[in-house]
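These are the residues of each chain, in order.
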Amino acid sequence: MSKNIIKHSIRALNRQKGYVFINIIGLSIGIVCSLLISLFVINELSFDQNHEYKERIYRVNLHGKIGGTEAHVSSTCSPLGPTMMKDFPEVENFSRYDSYGVSVIKYEDKNFTEEIFVLVDSSFFEIFTVPLIKGNKSTVLNAPYQAVISESTAKKMFGNTDPIDKMIKLGTDTNLYKVTGIMTDLPDNSSFDADIFGSFTSSRRANDGNWLSNSFETYVLLKEGTSPDLVNSKFVSLLENYVGPLLEQYLGLTMAEFFEQGNQYYYELQPLLEIHLDPNIVHEVKPSSDPKYLYIFGSIALLIIIIAAINFMNLSTAQSAKRAKEVGIKKVSGSSKGLLIRQFMVESILLSLLSLIIAILIIEFTLPFFNQILNSKLELNYLESWYNIPGLIVISLVVGVIAGSYPAFFLSSFKPVSVLKGSIKDSMKNGKLRSILVILQFSISIILIVGTLIIFQQISYMLNKDMGFEKDKMVVLERARVIGTKIKSFKAELLKIPGVKNVSASTAAPMHNNNGNGYTIEGRDQETFLLETNWVDYDYFDTYDIKLSSGRLFSESYSTDVDACIVNESAVRNFNFTDPMAVRFIEPDDDPEAEPLLMPVIGVVEDFHFRSLHYKIEPYMFKFRNENILWGYISIRLAKDAPENTLTKIENVWNEFTSNEPIQYFFMDEELRNLYKEEQQNAILSIVFTILGIIIASLGLFGLTSFTTEQRTKEIGIRKAMGASVGNVFYIISKEIIVLVSIATIIAWPIIYYIARNWLQNYQYKIDLSFIYFAIGFIISLAIAILTITYRTLKVARLNPARSLRYE
């Protein structure tokens, strides 16, 4: 019986080639979109899944609110991990993590650049599953100045030579590190992104006991069965014991008094598996992805599958008039309703399986393109897991069943008597169900179009917004420490280069910040004020063109400026300064007997964005960079007409001052664009999937129009015989589509408005939801609908009335 059903289904499909073609294309595109989005979502959800103890590993985050300024960071103090290991019996192990960013690695007379060099405790390889090719995980980092390098780094630096026990120089550290292990390259779906791990005990700050100096990430491995809530509850007493005395020393406040003033300061465990999808925490590991995009693309995949399924239902019911006689004859011949349902369901499933095969072929050809857009390595491994191929088949079967269920029951319900009388054919012309499905289809299309427009406008806004400083033609050199105390001479030589307009040295640059520092204010001794701090020279404000709001900037004419400071407008506003020039900040000192350092405010600059537009502008302080501060950046502002060889000349000067140390730099405008790379990638994906969704909807509308015009051929012939023009006929056919798209718009607008408004809440600086975006969505949808039906409508409208009247 089943073989006969399949044979009949294949024959039936063979008789409907145009219908079959449109449905296969629609279902194939729908499956392609769903599979690609599924790969993307699965890749994001797979982060850190390779670690054996992944369910028991947590990162300690610090949440603070001081003087009205909030901070949610992964930075913690050096003694936190050892203290938790000592005082918390629930903690099985810990490791600190200190990322050094771009570093120059030297072996003998060769220099190599590594993007990220990290110091970790010796327990790191016992907590995290990072396979070692050579070395013992318990001993590879158990002494200062030891290093574990990745397999690719080992090949790059040593070729076929065994790297074990070789001595290398890391960064500016004068001590040589011994290579004690080789690890496999970290996978792309790891939150950690480093090629070299050094022993944490190599750091001069490894034994820093200051509980208020938060510069490292701390990871803990909890014992089996331990509740993280229990550990979180113990942080209260830990803070009272170790942070409380420091607050009393610096502020004269107890912890209770500190909290009564509205301040916050607490630790909280975050599961390892949640880190990658939490962009709210500022951290040192690989940038987090925003989970809202997983919801967006998951929703897009669902909507596109719905569009494809609606196409199938719509075209199947539209074809019912043609298949009515087939159903009637089969019922008269003794076929039951159940048998007919099975045949129509088999037809649907066969189409879906064929669409799956075509979809897989399309994915194989297009996956490299998507990987390039996403900067990822998505791949469809059919044999990696036993459930991959069965899973694909199940997806296809589900799509086939969902899409074919209604048409199967609908077609099988025809009564032979009605078919023979022709009443079925006449009733099909009403098409209320098909109109509802078209409305639903175009509602989804309008939602996708308007949503994509809003995403693109928000990204365009972020890329083009005035940041409050000069970002164009700005070259920023990293590793200023290499220049040492020769910074003045170095700047003077750079300024001799044609095309170099300004040069400045600082410890931070926009988007590359130091950590926030806490201060008190004279006369407000019991309050703490948190400000992002940057030590700058005299030329910083001219180089970045940061505007002065009031007061003055650092000047060599005032010797006292070395102890002064400049703040931004947010500091004035947040801290309620009525007369900023009368304010004197006090920098805390570890020695309670020492004379406090008073820093008078000499100027206020206009607010500028020192972080991405995801974050609001917080209070910011500039202090003077003296000659003893060697670390940081050197910012070079080029003239608009700077010669092409300007960078080469800058590199030559660098080589003269650093004995040919590798130069590392970035362009500020490119750095800003990179901040929104995720948004740009996702916007492109949104456009691609929206276009594919529109193509599916258009295919369905084209097929439906073909059926409608065919059904109304005689009517059109009569109208033309009565004097109707081609334009009149086109209006009659298109009027229905215009009404349907208009209804779809009315349904779609409030839905996309609600979604877009909630999505924009994630941004501190955002566009307004203008009516123009919604109007454009309607116009595009209407234009697509009209263009889709034009060919078939004009073809029928131009038929000779004599031929039309002989039709049927």
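Residues numbered from 1 in each chain as written. Predicted model: local features only at pLDDT ≥ 70, side-chain atom pairs only at ≥ 80, totals over all residues. Heavy atoms only, no water.

## Considering the overall build of the protein
For step 1, the next point in the chain: Scanning the protein from terminus to terminus reveals 26 helices and 25 strands.
For step 2, the next point in the chain: Counting across all 808 residues of the protein, residues that qualify as buried make up 52%.
For step 3, the next point in the chain: Across the protein, contacts joining residues at least 24 apart in sequence account for 80% of those joining residues at least 6 apart.
For step 4, the next point in the chain: Counting every atom, the protein has about 36,800 Å² of accessible surface; 55% of that belongs to carbon and sulfur. (Helix = DSSP H or I, 4+ residues; strand = E, 2+ residues; numbered from the N terminus. Buried < 20%, exposed > 50% of the residue type's maximum accessible area, 1.4 Å probe, protein only. Contact = heavy atoms within 4.5 Å. Areas by Shrake-Rupley, 256 points an atom, 1.4 Å probe, with all protein chains shown as cover.)

## Description of a nonpolar patch on the surface
For step 1, the next point in the chain: A grouping of Val-739, Ile-743, Ile-747, Ile-751, Tyr-754 and Ile-755 is seen on the molecular surface, where their side chains present a nonpolar patch of about 510 Å² in accessible area.
For step 2, the next point in the chain: Within the secondary structure layout, Val-739 lies in helix H24 (residues 726-760). (Patch = residues over 30% accessible without salt bridge, like charges linked within 9 Å, V, L, I, M, F, W, Y side chains within 5 Å. Salt bridge = Lys/Arg side-chain N within 4 Å of Asp/Glu carboxyl O.)

## Details of the pattern of salt bridges
For step 1, the next point in the chain: With the rule as written, the count across this model stands at 20 salt bridges.
For step 2, the next point in the chain: In this structure, Asp-539 and Lys-491 form a salt bridge, with 2.7 Å as the shortest nitrogen-oxygen distance. Of the two residues, Asp-539 is situated in the loop between strand S18 (524-536) and helix H18 (540-544) and Lys-491 in helix H17 (residues 487-495); the sequence distance between them amounts to 48 residues.
For step 3, the next point in the chain: Across the pair Asp-607 and Arg-573 runs a salt bridge, and its minimum N-O distance is 2.9 Å. Of this pair, Asp-607 sits in the loop between strand S22 (597-605) and strand S23 (620-624) while Arg-573 sits in helix H19 (residues 569-574), placing them 34 residues apart in sequence.

## Observations regarding unusual backbone geometry
For step 1, the next point in the chain: A positive phi angle, near 65 degrees, is found at Asp-48, a position not held by glycine.
For step 2, the next point in the chain: Relative to the helices and strands, Asp-48 is located in the loop between helix H2 (17-45) and strand S1 (57-66).
For step 3, the next point in the chain: You can call Asp-48 buried: its relative accessible area is 0%.
For step 4, the next point in the chain: Even without glycine at this site, Lys-473 takes up a positive phi of about 55 degrees.
For step 5, the next point in the chain: On the secondary structure map, Lys-473 appears in the loop between helix H16 (432-464) and strand S15 (474-477).

## What about the side chain of Ser-46?
For step 1, the next point in the chain: Take Ser-46: it is sitting in the loop between H2 and S1.
For step 2, the next point in the chain: At a separation of 3.1 Å, a polar atom in the side chain of Ser-46 contacts the side chain of Asn-189. (Polar contact = N/O pair within 3.5 Å; in protein donor to acceptor, adjacent residues only side chain to side chain.)

## Section: the packing of aromatic side chains
For step 1, the next point in the chain: Within the structure shown, the criterion is met by 46 aromatic pairs.
For step 2, the next point in the chain: Arranged with centres 6.1 Å apart and planes meeting at 75 degrees, the rings of Phe-577 and Phe-585 form a pair that is edge-to-face. Like Phe-585, Phe-577 is buried.
For step 3, the next point in the chain: By way of ring pairs, the aromatic residues Phe-469, Tyr-538, Tyr-540, Phe-541, Tyr-544, Phe-554, Phe-608, Phe-610, Tyr-620, Phe-622 and Phe-624 are connected into one cluster.
For step 4, the next point in the chain: When the ring centre of Tyr-765 is taken as reference, the NZ or CZ atom of Lys-465 above it lies at 5.4 Å.
For step 5, the next point in the chain: Stacked on the ring of Tyr-558, the Lys or Arg Arg-552 has its end atom at 3.7 Å from the ring centre. (Phe/Tyr/Trp six-rings, centres within 6.5 Å; stacked < 30°, edge-to-face > 60°. Lys NZ or Arg CZ within 6 Å of the ring centre and 35° of its normal.)

## Let's talk about the packing of H17 against helix H20 (residues 646-658)
For step 1, the next point in the chain: Interaxial distance between H17 and H20 falls to 10 Å at its minimum, and their mutual angle equals 155 degrees. It follows from the interaxial angle that H17 and H20 lie roughly antiparallel. Two packed elements cross with a definite hand, and for H17 against H20 that hand is right-handed. Residues Ser-489, Phe-490, Glu-493 and Leu-494 of H17 form the contact with H20, whose own contacting residues are Ile-650, Val-653, Trp-654 and Phe-657.
For step 2, the next point in the chain: Counted by class, the contact of H17 with H20 contains six nonpolar, one polar and one charged residues. (Axes fitted to C-alpha atoms, helices over the stretch in contact; angles between N-to-C directions. Parallel < 35°, antiparallel > 145°, perpendicular 65-115°, else oblique. Left-handed = near helix turned anticlockwise from the far one by under 90°. Nonpolar A, V, L, I, M, F, W, Y, C, P; charged D, E, K, R; others polar.)

## Some points on the nonpolar core
For step 1, the next point in the chain: Counting residues in each nonpolar core, the largest one holds 101 residues, and the members touching the most others are Phe-469, Phe-541, Tyr-544, Ile-546, Phe-554, Phe-622 and Phe-689.
For step 2, the next point in the chain: Beyond its immediate sequence surroundings of up to four residues, Phe-554 is in contact with Val-536, Tyr-538, Phe-541, Asp-561, Ala-564, Cys-565, Ile-566, Ile-602, Phe-622, Lys-623 and Phe-624.
For step 3, the next point in the chain: Among the nonpolar cores identified, the runner-up in size contains 29 residues, and Tyr-58, Ile-66, Leu-80 and Leu-251 belong to it. (Core = buried A, V, L, I, M, F, W, Y, C linked by side-chain atoms within 4.5 Å.)

## Some remarks on the pairing of strand S17 (residues 516-521)
For step 1, the next point in the chain: Bridge analysis of S17 against S18 gives five bridges, and the strand direction is antiparallel. For Tyr-519, the partnering residue across the bridge sits in S18 and is Phe-529.
For step 2, the next point in the chain: In textbook terms, the turn of a hairpin is the stretch between consecutive antiparallel strands, and for S17 and S18 this stretch comprises two residues, one of which, Gly-523, has a positive phi near 90 degrees.
For step 3, the next point in the chain: Note: S17 against strand S21 (residues 584-587), two bridges, orientation antiparallel. From the neighbouring strand, Ile-521 faces S21, where its bridge partner is Phe-585. (Pairing = 2+ DSSP bridges.)

## Notes on the confidence of the model for the protein
For step 1, the next point in the chain: The share of residues in the protein with pLDDT of 70 or more is 87%, and the mean pLDDT across the chain is 82.
For step 2, the next point in the chain: Mean pLDDT across the elements of the protein bottoms out in helix H15 (residues 423-428) (50) and peaks in strand S20 (residues 565-568) (95).
For step 3, the next point in the chain: Of the regions scoring below 50 in pLDDT, residues 426-430 engages in seven contacts with residues more than four places distant in sequence or in other chains. (pLDDT = per-residue confidence, 0-100.)

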